[in-house]
Amino acid sequence: MNYFAELGELLNAEYRAEAGGTRHIVGTAPNPRDADAGDLAYLRALQRTRKTAPVDELLNYMGRSARMDLLVTMALAQHGDALAPQLRAALRPRMTEAGPASDLTAALLNLATDCDVTPFPLPAVVSLVRKDGNGAVTKAALRHLLLFPQGVHDTLFLGLPESLIDFEDILTWMIAAHARGHDRETIERHLPEDRREIVRLLPEAVRRHGPGATVMQQFAMWGPLDRPGEGDSGGLAVFLSSLGDALAQQDGVGRVVTVVQIGSGDLARARGWTRDLGSGHMVLGIPVAPEGAATAHADEPLSEIGWWLRTLLPALGLVPDVAHLRFGSDVTLTVARTVRKLGSRTVFGIAPDPHRMILDSHHTDTGGFDRDGFGEDLHRMFAADVLSGWADSAVALPNAWQRQETTRFFPQVVSRLKTVEAIPEGITPWREQKDDDADGRRLIGALFERNGFSGLSEDSGGLPVLLNVGRWNPLKQQDTLVDAWVRSGLCESSALVLVGGSLEHPTAVESVMRERVAELLRATPAAHGRFVWLPRLPNRDVRLLERALVSHLPASGPHVYLCASAKEEFGISVLEAMEAGLLAVAPRRGGASHYIQPGVTGFLADTSSLWGLTADMSLILGGGQSAGRLRSIAEAGKRVVSEEFVISHSARRFARHYLRLVNR
């Protein structure tokens, strides 16, 4: 089957139900190998069209994946409580047939909890909590017990810790007990003696720093907020950290809560649920990340995410007045459903991703059609449509084509809201410290430390450095950048420095990309002594390195920050590099076009292909323009960022937007 036939097949499966197509039968699709894809397309169509399917039919889809479970939950929830009696009646025989050790039982319990339906009495649910039982069923049963109020079989409920071993299970029981209304003394008395220190994690209302609205920032990506450049944590982590600090200082904003995903081990070592980053900005960690995880995995713990937010936000007194949600993802759908139930207004950050790239992104190495990748992007587009439809308002990131892209890809948002405000991001102004000069020289010295392929030779000291900073990810295209640097011949007239990821403990994705880079370097003797890769650095060290390049490493031309990402919605790392005085070369696609005027404040490059990037790197940096002119462009870029793209400006505009919603 050719590319266009396969493309048409998937699009037909995705949208035929909305055109009044035939009734879907579970497990069927135009192509038998796409049974899951066909079922997901049908469930998405139910959400788009608000059609009702029989409850018993919907339950046939449960237990196959977290995504499918979420779509079933959404299909039921859009009809409110009307289907609750049918759901309760349908769940009983399903769970009985599945048995207490089945993953399907866990999925059905999660569904019942999310829909506030109790198909069985408390004693039957308690019987599912067993030391030697299915761990997923035990956790789902403990979460489900939240629905039974204090006074219902208290003796049975309070005796449960005797049968629990895992820290996560005991923690879940304790939070459920707190939500049921049991006091601290009762909870502590029923905990095993060697686990009683866990009562330090009993949630208490967080003290307000001042009057005003509570704003929640959702950080949906995996990877630590305070370690950008590692795993899936990148420039957004830097931006949300500084934006949260600045937002908390705005009139009318009482506090800012940034929600992150952490491992239970991190929580076991923590003093409490929140970490204070400054006056009014705090981080709330929910314990759903697998220990040591730095990247998202295929079957995300959506039910757990929803449950922890449902219990913790009220218990900590942190139910937001406004929640700003980012990313068209299953996690964001889950967060949005939860905070809306709690009464929060939501703002959705719309971005034409993957819309603008979907037809360019799904070719296999052999020229075929990547069905899985295309199906994933169809789901992301669906999620963005649903989230923007739920949202009380929407904001966009500006770029040269933002209005056209918003109208083209989100016409329903423009029609409903009439206007979509575009708010630029910003960076925290640099603040010098007394050791900066010495630390900057140390960072420059680290570039000359030889280790395999990495390390500059002494004779490369006068060459311009092309710097790239970020997490190692196919969208960031570090391997493509190295290839273009070699093919353009710039490896003979410049040095390339890549910062990000982990050299000692790379993710699977990083390992593949780094091996490709190693192959390119092995085949290019001219690049030896002119290439450096460093692991992620703290954000302040990155910005100090950029300044040190300008101050302490004289070169024949300006040092360059080269962002080779397939797209950057705005580009915090680009702004920081420009503010330090580096010449910026950034992707044509995305937000850099808002602040880079080509040939005046920087340059835009075609990063959609290796050939486009190679050609533009040669054109911009290959000697066709004088070093003096390039330096003056870098200086102009520095002035623009320093004057116009400061985090306080962004915070002021976001705060005004949020407070308009609160005061409606």
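These numbers were taken from a predicted model, which means no experiment stands behind them.

## Digging into the overall build of the protein
Stage number 1. The number of helices and strands found in the protein is 27 helices and 14 strands.
Stage number 2. For the protein, the C-alpha radius of gyration of 26 Å lies close to 26 Å, the compact-globule estimate for 664 residues.
Stage number 3. With the C-alpha coordinates aligned to their principal axes, the bounding extent of the protein is approximately 80 × 60 × 50 Å.
Stage number 4. Burial statistics for the protein: of 664 residues in total, 59% are counted as buried.
Stage number 5. Contacts in the protein between residues far apart in sequence, at least 24 positions, make up 75% of those at least 6 positions apart.
Stage number 6. A total of about 27,100 Å² of accessible surface is found on the protein, and carbon and sulfur atoms cover 51% of it.
Stage number 7. Here the protein contributes 70 positively and 79 negatively charged side chains, and the mean placements of these two sets differ by 5 Å.

## Description of the pairing of strand β1 (residues 213-218)
Stage number 1. Of all six residues in β1, six are buried, a share of seventy percent or more.
Stage number 2. Residues Ala 213, Val 215 and Gln 217 of β1 are buried on one face, and the alternating residues Thr 214, Met 216 and Gln 218, pointing to the opposite face, are buried as well.
Stage number 3. For β1 and strand β2 (residues 253-262), the ladder comprises six bridges, and the chain directions are parallel. Counterpart to Thr 214 in the pairing with β2 is Arg 255.

## What about the confidence of the model for the protein?
Stage number 1. Per-residue confidence for the protein gives a mean pLDDT of 88, with 91% of residues at or over 70.
Stage number 2. Model confidence for the protein, summarised as mean pLDDT per element, is weakest for helix α1 (residues 3-15) at 75 and strongest for strand β12 (residues 560-562) at 98.
Stage number 3. Note that residues 19-23 has pLDDT below 50 and, in this model, three contacts with residues that lie over four places away or in other chains.
Stage number 4. Scored below 50 in pLDDT, residues 27-33 makes 14 contacts in the model with residues more than four places away or belonging to other chains.

## Observations concerning the pairing of strand β13 (residues 583-587)
Stage number 1. Within β13, five of the five residues are buried, leaving the element largely enclosed by the surrounding structure.
Stage number 2. Relative to β13, β12 runs parallel, the two sharing three bridges. Its bridge partner lying in β13, Val 560 is registered against Leu 583.
Stage number 3. Where β13 lies against strand β14 (residues 603-605), three bridges are found, and the strand directions are parallel. Across the sheet, residue Ala 586 finds its bridge partner in β14, namely Leu 604.

## Notes on the pattern of salt bridges
Stage number 1. Under the counting rule described, the total for this entry stands at 33 salt bridges.
Stage number 2. Asp 114 is the partner of Arg 337 in a salt bridge, and the nearest nitrogen-oxygen pair spans 2.9 Å. Taken together, the residues span a long stretch of sequence, with Arg 337 in helix α15 (residues 330-341) and Asp 114 in helix α6 (residues 103-114) at a distance of 223 residues.
Stage number 3. A single salt-bridge network, built from bridges that share partners, covers Asp 353, Asp 377, Arg 380, Lys 567 and Glu 569.

## A few points about the sheet that holds strand β6 (residues 345-350)
Stage number 1. Taken together, the eight strands give an open sheet; going across it, the order is β3-β4-β2-β1-β5-β6-β7-β8, and neighbouring strands pair in mixed fashion. Both outer strands of the open sheet, β3 (274-278) and β8 (421-422), are each paired with one neighbouring strand and no more.
Stage number 2. The sheet contact formed by β6 and strand β7 (residues 393-396) spans four bridges and is parallel. Looking at β7, one finds that Gly 349 is bridged to Val 395.
Stage number 3. The sheet contacts of helix α14 (residues 302-315) involve β1, β2 and β4 (281-287), and relative to β4 the element is tilted by about 135 degrees.

## Some remarks on the environment of Asn 110
Stage number 1. As for its position among the elements, Asn 110 is in helix α6.
Stage number 2. Residue classification places Asn 110 among the buried positions, given a relative accessible area of 15%.
Stage number 3. Along the sequence, Asn 110 and Thr 334 sit 224 residues apart, while their C-alpha atoms lie 13 Å from each other.

## Focus: the packing of helix α10 (residues 167-180) against α14
Stage number 1. In contact at an axis separation of 11 Å, α10 and α14 are set at 50 degrees when each is read in the N-to-C sense. The angle between the axes of α10 and α14 places the two elements in the oblique class. Judged by the sense of rotation from one axis to the other, the crossing of α10 with α14 is left-handed. Within the contact between the two elements, α10 uses Leu 171, Thr 172, Ile 175, Ala 176 and His 178 and α14 uses Trp 307, Trp 308, Thr 311 and Ala 315.
Stage number 2. For the contact of α10 with α14, the residue count by class is six nonpolar, three polar and no charged.

## Some thoughts on the packing of helix α22 (residues 539-552) against helix α23 (residues 572-580)
Between two packed helices, the angle of one axis relative to the other and the distance separating the axes together describe the packing.
Stage number 1. As a packed pair, α22 and α23 sit with axes 9 Å apart at the nearest point and diverge in direction by 40 degrees. Seen along the crossing, α22 lies across α23 with a hand that is right-handed. On α23, the residues touching Asn 539, Arg 543, Glu 546, Arg 547 and Val 550 of α22 are Ser 573, Glu 576, Ala 577, Glu 579 and Ala 580.
Stage number 2. Looking at the contact of α22 with α23 residue by residue, the classes come out as three nonpolar, two polar and five charged.

## Here's the deal with the sheet that holds strand β9 (residues 465-469)
Strand pairing in a sheet relies on backbone hydrogen bonds. The paired strands run either parallel or antiparallel.
Stage number 1. On the basis of which strands lie adjacent, the open sheet formed by six strands has the order β11-β10-β9-β12-β13-β14 and parallel pairing. Of all strands in the sheet, those bounded by a partner on one side alone are β11 (531-534) and β14. When the angles between neighbouring strand axes are averaged without regard to direction, this sheet yields 20 degrees.
Stage number 2. On the sheet, helix α20 (residues 478-487) packs against β9, β10 (495-499), β11 and β12 and is oriented at approximately 175 degrees with respect to β10.
Stage number 3. In this fold α22 packs onto β9, β10 and β12, with an angle of close to 170 degrees to the strand it touches most, β9.

## Topic: the packing of aromatic side chains
Note on aromatic pairs: each is described by the distance of the centres and the angle between the planes.
Stage number 1. In total, this model carries 11 aromatic pairs according to the counting rule given.
Stage number 2. Taking 4.9 Å as the distance between ring centres and 85 degrees as the angle between the ring planes, the aromatic pair formed by Trp 307 and Trp 308 counts as edge-to-face. You'll find Trp 307 and Trp 308 in the same group, each marked buried.
Stage number 3. Centroid distance Phe 531 to Trp 533: 5.5 Å. Interplanar angle 70 degrees. Geometry classified as edge-to-face.
Stage number 4. A residue is classified by how much of its surface remains accessible, and Trp 533, at 15% relative accessible area, is buried.
Stage number 5. In this structure an aromatic cluster arises from ring pairing among Trp 472, Trp 485, Phe 531 and Trp 533.
Stage number 6. Here Arg 514 stacks its cationic end above the ring of Trp 472, 4.1 Å away from the centre of that ring.

## Focus on the environment of Pro 411
Stage number 1. With respect to the helices, strands and loops of the structure, Pro 411 is situated in helix α18 (residues 411-417).
Stage number 2. Taking C-alpha positions, Pro 411 is 40 Å from Pro 538, a pair spaced 127 residues apart along the chain.

## A short note on unusual backbone geometry
Peptide bonds are, in most cases, trans, and in most cases residues other than glycine have a negative phi.
Stage number 1. At Arg 50, a position not held by glycine, the phi torsion is positive, near 55 degrees.
Stage number 2. With respect to the helices, strands and loops of the structure, Arg 50 is situated in the loop between α2 (35-49) and α3 (55-58).
Stage number 3. We note that Phe 327 has phi near 85 degrees; this positive angle belongs to a residue other than glycine.
Stage number 4. Structurally, Phe 327 is set in the loop between β5 (322-326) and α15.
Stage number 5. Residue classification places Phe 327 among the partly exposed residues on the basis of a relative accessible area of 28%.

The rules behind these values
- Residues numbered from 1 in each chain as written.
- Predicted model: local features only at pLDDT ≥ 70, side-chain atom pairs only at ≥ 80, totals over all residues.
- Heavy atoms only, no water.
- Helix = DSSP H or I, 4+ residues; strand = E, 2+ residues; numbered from the N terminus.
- Rg over C-alpha atoms; globule rule 2.2 N^0.38 Å.
- Buried < 20%, exposed > 50% of the residue type's maximum accessible area, 1.4 Å probe, protein only.
- Contact = heavy atoms within 4.5 Å.
- Areas by Shrake-Rupley, 256 points an atom, 1.4 Å probe, with all protein chains shown as cover.
- Lys, Arg positive; Asp, Glu negative; His and termini not counted.
- Charge placed at Lys NZ, Arg CZ, Asp CG, Glu CD.
- Pairing = 2+ DSSP bridges.
- pLDDT = per-residue confidence, 0-100.
- Salt bridge = Lys/Arg side-chain N within 4 Å of Asp/Glu carboxyl O.
- Axes fitted to C-alpha atoms, helices over the stretch in contact; angles between N-to-C directions.
- Parallel < 35°, antiparallel > 145°, perpendicular 65-115°, else oblique.
- Left-handed = near helix turned anticlockwise from the far one by under 90°.
- Nonpolar A, V, L, I, M, F, W, Y, C, P; charged D, E, K, R; others polar.
- Phe/Tyr/Trp six-rings, centres within 6.5 Å; stacked < 30°, edge-to-face > 60°.
- Lys NZ or Arg CZ within 6 Å of the ring centre and 35° of its normal.

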